[in-house]
Amino acid sequence: MSSGGLELPPGDGSPEGDSSTDTPPGVMSLTRPREIGAELDWGAEAWDEVRTRARRAGRAYIWLNLVEQRLRAVVAAVLRPVYEPVHGDEEWVVAAAGPAGQEWVQRAVAVREVSRRKGYLLDPADDNVLSFLTLPQLRELLVQHWPCFEPYLDDRRELELALDELEVTRNVVSRNRALSENVLAQAERASARLLDILGGGAGTHARSGDRLPVDAVEDLVGDRFADVVGVHPDRVRLQRQLPVEDLFGSARRLDAVGIGLNLLVQNYSGRRLVRLAESGCRARLLFLNPASSAVRRRERELGIKKGEMSRSVEMNIMHMRRVRDRLRDTAAFEIRVFDETPRFTAYLVNGDGADGLAVVQSYLRKARGMESPVLVLRGGGRDVLRQGRGADEDGGLFETYREEFEGVWADSRSVS
């Protein structure tokens, strides 16, 4: 007999779904319980999905955190001098919120008090009401006091549209829901635009942002990976993310070394190379000598016909010579050959400046250059790569390959 006065059927009753046996009046019918915990086991696909969601959420959180920190600094810089002299250090945020914002400001004050008692405030700099305001609340302060911000921020509409785009991502991340790739991309674009509007975006970096923007993740964890900002399994996937127009289009200086330099010669037209050189770009191109024994060894490694690779390299050199002959200043377009064993191919763009970018591939025994893994390196010795390092430590892989290029260049022979 149940607590409600209903009689439970015997455990050995008819099977589930069998309606042939009538249930007596006053008896509650129960289905046979399933095995507890049967759905708790996760397979490989489920774990892959969870890791993908976690990576996306982590990336989105970094962007959201950067935007919130920057907006908090902007609000403090503009409104604190207005309200603090009258209302004091503790109450100026409450006064700035006004009657319309009393509820959420008081909630922030209460959260701060709880954090104090429980020891959650690890940094004394965060022991203020402003640090406990959320992104929508900071936005509300900015909108309420727009005349104060207008001299520093150009376009209110663009600012609010970007914040609207971020709100979707903020809700998903704060509730640990699934974040689609499209929503993440939208959040990254909106965050970058907001940081630029608020004076802390990619515009403060060097011109390399035109080709490969510095994103939030690279800024925060770049020192863990030296100056590697991209890894691609082959050259085809590299060109999807970094087309040759973006890689070479704004080059002031181009240094390249490899067997045939196909990424440049076969993907960037001679006409565009002429325009690039006439605009002031200085190029130094290093090809493997097509008559060297190293070419024949490479042909045997790849299993191709004798002389096929040497003819291909020779055709590339002749094409670059034709480009050079069309220039007014042929000295700005140098072509040389080397006889050493080729170890890698590298394209170093603006290697002498703060906006340097390099594409590097190591030669594999049985794989052509199109099929070999690719590293994309950021040059210029950005500050984030120097944090926590001594002054005498290496500057990263970009500098290593640049020195290798200079060494091979010094031992090479000019092509007339």
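Predicted, not measured: the structure shown is a model, and the values here were computed from it. (Residues numbered from 1 in each chain as written. Predicted model: local features only at pLDDT ≥ 70, side-chain atom pairs only at ≥ 80, totals over all residues. Heavy atoms only, no water.)

J.: What's the story with unusual backbone geometry in this structure? I'm lost.
T.: Residues apart from glycine generally show negative phi values, whereas peptide bonds are mostly found in trans. Of note, the phi angle at Asn176 is positive, near 55°, even though the residue is not glycine. The class of Asn176 is exposed, set by a relative accessible area of 71%. For Leu261, which is not glycine, the phi torsion reads 55° and is therefore positive. Turning to its location among the elements, Leu261 is positioned in the loop between strand S2 (253–258) and helix H11 (262–265). In this structure Leu261 comes out as buried when scored by relative accessible area, which is 2%. (Buried < 20%, exposed > 50% of the residue type's maximum accessible area, 1.4 Å probe, protein only. Helix = DSSP H or I, 4+ residues; strand = E, 2+ residues; numbered from the N terminus.)

J.: Whenever I open this one, helix H7 (residues 181–197) confuses me. Can you help?
T.: Because each turn of an α-helix spans 3.6 residues, side chains separated by three or four positions end up pointing in the same direction. The terminal C-alpha atoms of H7, which comprises 17 residues, lie 24 Å apart, in line with the 24 Å expected from a rise of 1.5 Å per residue. Along H7, the residues classified as buried are Leu184, Ala187, Ala190, Ser191, Leu194, Leu195 and Ile197. Relative to the axis of H7, the buried residues are bounded by an arc of 150° and lie together on one face. The exposed set on the far side of H7, more than 90 degrees from its buried face, consists of Glu181, Asn182 and Arg189. Those residues of H7 hidden inside the fold are in contact with helix H1 (44–87) and helix H6 (156–174). (Expected span 1.5 Å × (residues − 1). Arc of directions from axis to C-beta. Contact = heavy atoms within 4.5 Å.)

J.: Could you clarify how one ought to interpret the nonpolar core in this entry?
T.: A general tendency of soluble globular proteins is for nonpolar side chains to be buried together. Leu247, Phe248, Leu264, Leu285, Phe287, Met320 and Phe333 are the most contacted members of the largest nonpolar core, which has 58 residues in total. Listed in part, the 43 residues of the second largest apolar core include Val75, Val94, Ala96 and Val173. (Core = buried A, V, L, I, M, F, W, Y, C linked by side-chain atoms within 4.5 Å.)

J.: Honestly, the packing of helix H13 (residues 293–302) against helix H14 (residues 308–325) in this entry has me stumped. Any pointers?
T.: Geometry of a packed helix pair, given as the angle between the helix axes and the separation of the axes. Running from N to C, H13 and H14 point in directions that differ by 120°, and their axes come no closer than 8 Å. In terms of their interaxial angle, H13 and H14 are classed as oblique. Of the residues in H14, those touching H13 at Val295, Arg298, Glu299 and Leu302 are Glu308, Met309 and Ser310. (Axes fitted to C-alpha atoms, helices over the stretch in contact; angles between N-to-C directions. Parallel < 35°, antiparallel > 145°, perpendicular 65-115°, else oblique.)

J.: Would you mind showing me how to read the pattern of salt bridges here?
T.: Pairing between side chains becomes possible if they bear opposite charge and their charged atoms approach one another. Counted according to the given criterion, the structure contains 29 salt bridges. Between Asp234 and Arg237 there is a salt bridge, and its shortest N-O distance comes to 3.6 Å. For Asp234, a relative accessible area of 15% translates into the label buried. Overall, Arg237 belongs to the partly exposed group, its relative accessible area being 44%. Here Arg284 makes a salt bridge to Asp255, at a shortest N to O gap of 3.0 Å. Of this pair, Arg284 sits in strand S3 (residues 282–288) while Asp255 is found in strand S2, placing the two residues 29 residues apart along the sequence. (Salt bridge = Lys/Arg side-chain N within 4 Å of Asp/Glu carboxyl O.)

J.: Even after reading the chapter, I still don't get the side chain of His232, so can you show me in this structure?
T.: Note that His232 resides in strand S1 (residues 228–232). A relative accessible area of 15% places His232 in the buried class. The residues touching His232, leaving out its near neighbours within four places in the chain, are Arg237, Leu238, Gln241, Pro373, Val374 and Val376.

J.: What should I look at first to understand the packing of aromatic side chains in this one?
T.: When we look at a pair of aromatic rings, we describe it by the centre distance and by the angle of the planes. The tally for this structure, following the rule as stated, stands at 5 aromatic pairs. On the numbers, 5.7 Å between centres and 75° between planes, the contact of Phe248 with Tyr268 is edge-to-face. Residue Phe248 is found in helix H10 (residues 244–248), and its partner Tyr268 is found in the loop between H11 and helix H12 (270–278); the two are separated by 20 residues along the sequence. Since its relative accessible area comes to 5%, Tyr268 is described here as buried. One aromatic cluster in this structure is built from Phe248, Tyr268 and Tyr347. Lying across the ring of Tyr268, Arg272 places its NZ or CZ 4.5 Å from the centre. Sitting over the face of the ring of Trp409, Arg284 holds its NZ or CZ atom 5.2 Å from the ring centroid. (Phe/Tyr/Trp six-rings, centres within 6.5 Å; stacked < 30°, edge-to-face > 60°. Lys NZ or Arg CZ within 6 Å of the ring centre and 35° of its normal.)

J.: Help me understand the environment of Arg272, please; the structure alone is not making it clear to me.
T.: Tracing the backbone through its elements, the reader meets Arg272 in helix H12. For Arg272 and Gly249, which are 23 residues apart along the polypeptide, the C-alpha to C-alpha distance reads 8.5 Å. Sequence-distant contacts of Arg272, defined by excluding residues within four places in its chain, comprise Glu245 and Asn267. Looking at Arg272, its side chain comes within polar contact range of the side chain of Glu245, at 3.0 Å. (Polar contact = N/O pair within 3.5 Å; in protein donor to acceptor, adjacent residues only side chain to side chain.)

J.: Could you clarify how one ought to interpret the sheet that holds S2 in this entry?
T.: In any sheet, the strands associate via hydrogen bonds between backbone groups, in a parallel or an antiparallel arrangement. Read across the sheet, 8 strands follow the order S1-S7-S6-S5-S2-S3-S4-S8 without closing on themselves; strand pairing throughout is mixed. Two strands close off the open sheet at either side, each with one partner strand: S1 and strand S8 (413–414). The sheet contact formed by S2 and strand S5 (residues 344–349) spans 4 bridges and is antiparallel. Note on S5: the bridge partner recorded for Leu254 is Val349. Along the sheet face, helix H16 (residues 397–410) touches S1, S2, S3, strand S4 (333–338), S5, strand S6 (357–362) and strand S7 (374–378) and points at about 70° away from the line of S3. (Pairing = 2+ DSSP bridges.)

J.: Help me understand empty space enclosed by the protein in this model?
T.: Sizing a probe to match a water molecule and rolling it over the atoms shows the empty space that remains. Counted by the stated rule, this structure contains 1 cavity of 30 Å³ or more. Its boundaries defined by the atoms lining it, the largest cavity holds a volume of some 40 Å³. As for the largest cavity, its lining consists of Leu254, Leu273, Leu276, Ala277, Cys281, Ala283 and Phe333. Here the lining of the largest cavity takes 3 residues from H12, the largest share from any one element. Here the residues of the lining of the largest cavity are counted per class, giving 7 nonpolar, no polar and no charged. (1 Å grid on protein atoms, 1.4 Å probe; cavity = no way out; pocket = protein on both sides within 12 Å on 5 of 7 lines; lining within 4 Å. Points joined across faces, edges and corners; volume = space filled by probe spheres on them. Nonpolar A, V, L, I, M, F, W, Y, C, P; charged D, E, K, R; others polar.)

J.: Before we go on, may I ask you to explain the pairing of S6 in this structure?
T.: On a regular strand, one side chain projects to one face of the sheet and the next to the other, so that they alternate. The buried count for S6 comes to 5 of 6 residues, which makes it a mostly enclosed element. Pairing of S5 with S6, which is carried by 6 bridges, proceeds in the antiparallel orientation. Each residue of the ladder has a partner; that of Thr345, found in S6, is Gln361. Relative to S7, S6 runs antiparallel, the two being bridged by 4 bridges. Bridge pairing links Val359 to Val376 in S7.

Everything listed here is a matter of coordinates, which is why it stays silent on function.
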